[in-house]
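Chain by chain, the residues:
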Amino acid sequence: MKSWPHPYLPSLPGTGLPLWLFDTATRQVRATEPGPTARMYVCGITPYDATHMGHAFTYVTFDTINRVWRDSGHDVHYVQNVTDIDDPLLERAVATGQDWQEIAHRETALFREDMTDLNVIPPQDYIGAVESIPSVAGHVETLQERGAVYAVDGDLYFRVRSDPRFGEVAGLDGAQMLAVFAERGGDPDRPGKEDPLDCLVWQSARPDEPAWDTPLGHGRPGWHIECTAIALDHLGMTIDVQGGGTDLAFPHHEMSASEAQVLRQEWPFARHYVHSSMVSWQGHKMSKSRGNLVFVSKLRHDGVDPNAIRLALLAHHYRSEWAWTEHGLAGAVARLEMWRAAADAPAGPSAQATLVRVRAALADDLRTPEALDAIDDWAMAQQADGGTDPDAPDLIRNLADALLGIRL
């Protein structure tokens, strides 16, 4: 699947600090310890309504991780999927009378435009669920060989208890897992299942729904195994970060990790499970089902600078739930204007300490609000007292771009 253009990344003097991130599985902030190439998988969109601010917050968060790793000397192998076949997409097609493929193609193209304008570094591998179907089928066959799959009325289910570490990612108890599984696409009450939490890995063909011929029969993949297959195929086992929103910790990341661990007979699937918090609007979490969405494309078409949108997102720590507001966007627009005015000056106060502060804030669990404050302080000092360092404005411009994705 086609990705989007790679933005130019300015070089900075020196080298950034090692990145520490909160790991959902261990409930603590720990150092990431990638090799020469950091490996990251972030779950992508289901393309039937893209890109709202919840999406944007997630992808800007992991883009910032990408940038911090690069600044500290690592290459980054970043993989993202597109769930271009799934029940919500088919339901939207029925509701609107449109072809599901047309919806998927249109919304994926819009997502690419949004990511381009938000200066998000594209994944090295951008893989659709449909193109991964042969791979998924092969992985399901391996799970069958390991005795980890059984049939229910022609559908195939993964025995979650075949992974002795099942449940360690999200850390939920049994009752919590059942409740969340039912809310987020699971079918705990289906007759014939051995365990209510067992998850679908292959769905046999349904009337009037798309299906593909594979050694498993005529059908399509389950949700979780799609990401398992793509991640293993392109990154292998024990990746550095598995990422997404907090709503993916269970069941999606839990199930994907267990499937991978049974497939490879190794642990862990990921060294860090990193989750960005939800964004609310009008008193509720932004969600497609509720329809309370603010879209990046709508703001762009209304003339809002995408750099201001990105600043509005970065003003919140990735693990803090927050609400999108017009006031917050206006503050981001004003901040961008202040930064640009200061960076356009012929000279300013030395920016070396600002670079140190920004690097330290980002390396410490991605404290983006403190990174923005550091540049605020430099810009206000420049406006108040000017400065004599002719290299400082360029350094500020480059660090804002390279580390925060903000073009001044």
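Residues numbered from 1 in each chain as written. Predicted model: local features only at pLDDT ≥ 70, side-chain atom pairs only at ≥ 80, totals over all residues. Heavy atoms only, no water.

A. Local environment of the sheet that holds strand S14 (residues 284-285). Strand order in the open sheet formed by 3 strands is S14-S13-S15, with mixed pairing between adjacent strands. For this open sheet the edge positions go to S14 and strand S15 (322-323), each flanked by a neighbour on one side alone. Sheet topology note: the strand S13 (residues 279-281)/S14 ladder contains 2 bridges and is antiparallel. Directly across from Trp 281, in S14, lies its bridge partner His 284. (Pairing = 2+ DSSP bridges. Helix = DSSP H or I, 4+ residues; strand = E, 2+ residues; numbered from the N terminus.)

B. Just the pairing of strand S5 (residues 125-128), in detail. Both faces of S5 are covered, namely the face carrying Asp 125 and Ile 127 and the face carrying Tyr 126 and Gly 128. Here 4 bridges tie strand S4 (residues 75-82) to S5, and the two strands are oriented parallel to one another. Following the sheet pairing, Val 82 is matched in S5 by Gly 128. (Buried < 20%, exposed > 50% of the residue type's maximum accessible area, 1.4 Å probe, protein only.)

C. Structural detail: the environment of His 74. Among the structural elements, His 74 can be located in the loop between helix H1 (53-71) and S4. For His 74, a relative accessible area of 18% corresponds to the buried category. For the pair His 74 and Pro 369, spaced 295 residues apart in sequence, the C-alpha separation works out to 24 Å. Other than its neighbours up to four places away in sequence, His 74 contacts Pro 34, Gly 35, Pro 36, Ala 38 and Trp 69. In this structure the side chain of His 74 is engaged in a polar contact, spanning 2.8 Å, whose partner is the backbone oxygen of Gly 35. (Contact = heavy atoms within 4.5 Å. Polar contact = N/O pair within 3.5 Å; in protein donor to acceptor, adjacent residues only side chain to side chain.)

D. Quick look at the sheet that holds strand S10 (residues 217-221). Pairing is antiparallel across the open sheet formed by 5 strands, whose spatial order is S6-S7-S8-S10-S9. Bordering the open sheet on either side are strand S6 (149-152) and strand S9 (212-214), each of which pairs with just one other strand. Strand-to-strand twist across the sheet, computed as the mean angle between neighbouring axes with direction ignored, equals 40°. Here S9 runs beside S10; their pairing, made up of 3 bridges, is antiparallel. Bridging across to S10, Asp 213 finds its partner in His 218. (Axes fitted to C-alpha atoms, helices over the stretch in contact; angles between N-to-C directions.)

E. Representation of the environment of Met 40. Among the secondary structure elements, Met 40 is positioned in strand S3 (residues 37-42). Residue Met 40 is classed as buried on the basis of its relative accessible area of 0%. On a C-alpha basis, the gap between Met 40 and Asp 394 in space is 31 Å, while along the polypeptide they are 354 residues apart. Not counting chain neighbours up to four residues away, the residues in contact with Met 40 comprise Phe 62, Ile 65, Asn 66, Trp 69, His 77, Tyr 78, Val 79, Leu 235 and Val 241.

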